[in-house]
Amino acid sequence: MNNDICEITCINEEKVNRVKTSLAEQNSTDVAKIFKALSDDTRIKIAYALSVEDELCVCDVANITGSTIATASHHLRLLKNLGIAKYRKEGKLVFYSIDDEHVKNLIHLAFAHQKEVREVE
């Protein structure tokens, strides 16, 4: 028998309705896209690097992640298309940065949480 599920059905309609109303006003699909984009190990490393530095060129990102320039470019393009990163071109170089301070905060918060969890274990 599972101890982590309710053994009877008991719904608090007031709470359920309050949350459903609040959730209906949100765009959960777009929020899920942010988490999906950051769920890849290489992309979270790239996002972290971009949250630590104001901007990095594709070559720097490839070197940081230990990937090819083509792979880094692919991941950066995906982050850009999802609105997480932005880029600017300077001559023959392309520099990327995080597009929004909220995303930077989310990344730092996730890493801080993981550090705390690891210290507790």
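Scroll up a little and you will see the structure.
Rules behind the numbers
- Residues numbered from 1 in each chain as written.
- Predicted model: local features only at pLDDT ≥ 70, side-chain atom pairs only at ≥ 80, totals over all residues.
- Heavy atoms only, no water.
- Phe/Tyr/Trp six-rings, centres within 6.5 Å; stacked < 30°, edge-to-face > 60°.
- Helix = DSSP H or I, 4+ residues; strand = E, 2+ residues; numbered from the N terminus.
- Buried < 20%, exposed > 50% of the residue type's maximum accessible area, 1.4 Å probe, protein only.
- Expected span 1.5 Å × (residues − 1).

*Asks:* Honestly, the packing of aromatic side chains in this entry has me stumped. Any pointers?
*Replies:* Here the distance between the centres and the angle between the planes together describe a pair of aromatic rings. Under the defined criterion, the tally for this structure stands at two aromatic pairs. With a centroid separation of 4.6 Å and 45° between ring planes, the pair formed by Y48 and F111 is classed as tilted. Of this pair, Y48 sits in helix α3 (residues 41-52) while F111 is found in helix α6 (residues 101-120), placing the two residues 63 residues apart along the sequence. With relative accessibility at 34%, the residue Y48 sits in the partly exposed group. A residue is classified by how much of its surface remains accessible, and F111, at 35% relative accessible area, is partly exposed. For the ring pair Y87 and Y96, a centre distance of 5.7 Å and an interplane angle of 35° mean the geometry is tilted. The exposure class of Y96 is buried, given its relative accessible area of 6%.

*Asks:* Explain helix α1 (residues 13-24) here, please?
*Replies:* Side chains that are three or four residues apart share a direction in an α-helix, a result of its 3.6 residues per turn. With twelve residues, α1 ought to run about 16 Å at 1.5 Å a step, and its terminal C-alpha atoms sit 16 Å apart, in line with that. Across the twelve residues that make up α1, only a small minority, zero, are buried.

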